[in-house]
Amino acid sequence: MRLLVVEDNKDLAAWLGKALRQAQYAIDIAHDGEDAEHMLKVAEYSAMILDLALPKLDGLTLLKRLRQSGNKLPIIILTANASLDGRVAGLDSGADDYLAKPFEIAELEARIRAVVRRGQDRASSEITVGNLRFSGGTRQFFVEGEPLQLTPREYAVLEQLVMKQGNTVSKAALSESVFGFDDEADPSAIEIYVHRLRKKLEASSVQIATLRGLGYLLRHVQ
């Protein structure tokens, strides 16, 4: 999953980015509301973590604009203002959840999983392809009941393929799910991750097929 973190405190934003990348998310960071609004127009995200006290364009205004435009992106507000009025204003403006600073990263991760599950019905269930099982609740893969050990970027590629099972996923779409704007994306990187995944899936009954010129397809092999 690719997340957008919008936080003007650069130290906090860097800490959040590092912690969430370790939790196998692809992360983009914006330090003001205008940059966030631009990034939302050019990239697709699974959720946004939004501070309210932002320069240039405040978080509440950004949130209202998104909802008025029909954007249903799951949004978690982070703010030092834990007052009842502040929480009500954020939730009434369309936020999905609210977390007051300071907070524990484990709680934020749990809230991310919850808002994504609510926003994407498919992610809330278990998805099975052959003997490969993906648990949307825990965001883990299993083959014959055994956890599949993956690096964060291998995980991101496989997650996209299993969520789009039965459909071809382009290399560009996979790259967007793996790399943030600040990452240096090697054009051949997706091919490398797919190669590694094929090795790790050798004992399973699924296969990542290459459709030349189109992308990749996850399928069950009889």
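Residues numbered from 1 in each chain as written. Predicted model: local features only at pLDDT ≥ 70, side-chain atom pairs only at ≥ 80, totals over all residues. Heavy atoms only, no water.

The chain goes by Two-component system response regulator TctD in an unreviewed UniProt entry, where it is assigned to Rhizobium binae.

Enquirer: Would you take a moment to explain the overall build of the chain for this structure?
Expert: Counting secondary structure elements, the chain contains eight helices and 11 strands. Counting only residues that meet the buried cut, the chain has 48% of its 222 residues in that class. Counting only contacts in the chain whose residues sit at least 6 apart along the sequence, the fraction spanning at least 24 positions is 56%. Summed over its atoms, the accessible surface of the chain is roughly 11200 Å², and 48% of this surface lies on carbon and sulfur atoms. (Helix = DSSP H or I, 4+ residues; strand = E, 2+ residues; numbered from the N terminus. Buried < 20%, exposed > 50% of the residue type's maximum accessible area, 1.4 Å probe, protein only. Contact = heavy atoms within 4.5 Å. Areas by Shrake-Rupley, 256 points an atom, 1.4 Å probe, with all protein chains shown as cover.)

Enquirer: Can you walk me through the sheet that holds strand β7 (residues 132-135) in this structure?
Expert: The sheet built from four strands is open, its strands ordered β6-β7-β8-β9 with antiparallel pairing. Only two strands of the sheet have a single partner each, and these edge strands are β6 (126-129) and β9 (146-147). In this sheet, strand β8 (residues 140-143) lies alongside β7 in antiparallel orientation, the contact comprising four bridges. Following the sheet pairing, F134 is matched in β8 by F141. (Pairing = 2+ DSSP bridges.)

Enquirer: Help me out: how do you make sense of the pattern of salt bridges in this one?
Expert: Close approach of charged atoms lets side chains of opposite charge pair. Tallying each qualifying case throughout the model produces 10 salt bridges. The partner of K56 in a salt bridge is D32, with the nearest N and O atoms 3.8 Å apart. Linking K56 in the loop between β3 (47-51) and α3 (59-68) with D32 in the loop between β2 (26-30) and α2 (33-42), this pair joins segments that are 24 residues apart in sequence. Given a relative accessible area of 7%, D32 falls into the buried group. A salt bridge links K171 to E191, with the shortest nitrogen-to-oxygen separation between them at 2.6 Å. Note that K171 is positioned in helix α7 (residues 171-178) and E191 in helix α8 (residues 189-200), a separation of 20 residues in sequence. Classification of K171 as partly exposed rests on a relative accessible area of 31%. (Salt bridge = Lys/Arg side-chain N within 4 Å of Asp/Glu carboxyl O.)

Enquirer: For this particular structure, what's the right way to read the environment of F134?
Expert: Along the chain, F134 turns up in strand β7. Assessed through its relative accessible area of 2%, F134 is described here as buried. Considered as a pair, F134 and L158 are 24 residues apart in the sequence and their alpha carbons are 9.7 Å apart.

Enquirer: Just to check I follow, could you spell out α8 for this structure?
Expert: Compared with an ideal rise of 1.5 Å per residue, which puts 12 residues at 16 Å, α8 spans 17 Å between its outermost C-alpha atoms and is within 8% of the ideal. Turning to α8, its buried residues number three or more, namely A189, I190, Y193, V194 and L197. All buried residues of α8 fall inside an arc of 135° around its axis, so they share one side. Summarising the contacts, the buried residues of α8 are in contact with α6 (152-163), α7, β10 (206-211) and β11 (215-220). (Expected span 1.5 Å × (residues − 1). Arc of directions from axis to C-beta.)

Enquirer: What should I look at first to understand the side chain of E7 in this one?
Expert: Following the sequence through the fold, E7 ends up in the loop between β1 (2-6) and α1 (10-22). Within the local environment of E7, its side chain forms a polar contact with the backbone nitrogen of N9, the two atoms lying 2.9 Å apart. Within the structure, the side chain of E7 is placed 2.9 Å from the side chain of K101, a separation counted as a polar contact. Here E7 is in contact with L12, A13, A30, H31, D51, L54 and K101, once residues within four sequence places are set aside. (Polar contact = N/O pair within 3.5 Å; in protein donor to acceptor, adjacent residues only side chain to side chain.)

Enquirer: What's the story with the packing of α6 against α7 in this structure? I'm lost.
Expert: Each pair of packed helices can be summarised by the angle the axes make with each other and by the distance between the axes. Their axes nearest at 9 Å, the elements α6 and α7 cross at an angle of 130°. As summarised for this structure, α6 and α7 are arranged oblique, according to the angle between their axes. Between α6 and α7 the crossing geometry is right-handed. Residue-level inspection shows R153, A156, V157, Q160 and L161 of α6 in contact with α7, the latter providing L174, S177 and V178. Looking at the contact of α6 with α7 residue by residue, the class counts come to five nonpolar, two polar and one charged. (Axes fitted to C-alpha atoms, helices over the stretch in contact; angles between N-to-C directions. Parallel < 35°, antiparallel > 145°, perpendicular 65-115°, else oblique. Left-handed = near helix turned anticlockwise from the far one by under 90°. Nonpolar A, V, L, I, M, F, W, Y, C, P; charged D, E, K, R; others polar.)

Enquirer: Whenever I open this one, the packing of aromatic side chains confuses me. Can you help?
Expert: Geometrically, a pair of aromatic rings is defined through the distance of the ring centres and the angle of the planes. Under the counting rule described, the total for this entry stands at three aromatic pairs. Considering the side-chain rings of F141 and Y155, the 5.4 Å spacing of their centres and the 70° angle between planes classify their relative orientation as edge-to-face. With F141 in strand β8 and Y155 in helix α6, this residue pair connects regions lying 14 residues apart in the sequence. Accessibility assignment for this pair places F141 and Y155 in one class, buried. (Phe/Tyr/Trp six-rings, centres within 6.5 Å; stacked < 30°, edge-to-face > 60°.)

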